[in-house]
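Secondary and tertiary structure notes
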Amino acid sequence: GEMIDDLLAYSRNRNAKPTKSLINSHDLVLSILNEFKESHPQQKISWELDLIPDCMADSRMLRLVWENLISNAVKYSSKKEKTLIRIKADERKEEVIFSIHDNGAGFDSAFANKLFTVFQRLHNRDEFPGYGIGLANVARMIQHHEGRIWGESVLGEGASFYFSIPKEHQHKYA
């Protein structure tokens, strides 16, 4: 049932067009972190949240992106005695690059391109639950925003995921 729900969500986002508005990214991430703190009280998580700049994005899609990336960081760090999750942003001229870093299981970076394809997993389902649809869905939503997404890691040393949202340009007419 969960796999079918995930596939339906992935399918619904296939042709979705983002309805962009100015998003207070910092408050969005903070609210998601608070939800995770409440839903995972048994897990010792140290959260480090830098100031995250606003961006023009679809609020529903951006929330799903952050929820998935934060959920994965929590899940893949769950076997650590103490979890450290850092969330940062790098504002550049043409885009904002958001990132989330954990100290969890990590993955072999040689297979990083598989992470964003449906049903591709780099860990056994017995070790970490899931169907391999979440990151594919995240990648699709970022592509709808004309952004980029990628992951970096060393197996056993945690993972870092990055995504970009282009800055909206103001057009001046003569």
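Everything below is about the structure shown above.
Residues numbered from 1 in each chain as written. Predicted model: local features only at pLDDT ≥ 70, side-chain atom pairs only at ≥ 80, totals over all residues. Heavy atoms only, no water.

Quick word on the packing of aromatic side chains
- Tallying each qualifying case throughout the model produces 4 aromatic pairs.
- With a centroid separation of 5.1 Å and an interplanar angle of 25 degrees, the aromatic rings of Phe 98 and Phe 163 are classed as stacked. With Phe 98 in strand β5 (residues 95-102) and Phe 163 in strand β7 (residues 159-166), this residue pair connects regions lying 65 residues apart in the sequence.
- Overall, the relative accessible area of 0% leaves Phe 163 in the buried class.
- Ring plane angle 10 degrees and centroid distance 5.3 Å describe the contact between Trp 150 and Tyr 162, whose orientation is recorded as stacked. With Trp 150 in strand β6 (residues 149-153) and Tyr 162 in strand β7, the pair connects residues that are 12 residues apart, well separated along the chain.
- Given the relative accessible area of 24%, Trp 150 is considered partly exposed.
- Among the residues examined, Tyr 162 registers a relative accessible area of 18% and is labelled buried.
- The structure contains a cluster of three or more aromatic residues connected by ring pairs, namely Trp 66, Phe 98 and Phe 163. (Phe/Tyr/Trp six-rings, centres within 6.5 Å; stacked < 30°, edge-to-face > 60°. Helix = DSSP H or I, 4+ residues; strand = E, 2+ residues; numbered from the N terminus. Buried < 20%, exposed > 50% of the residue type's maximum accessible area, 1.4 Å probe, protein only.)

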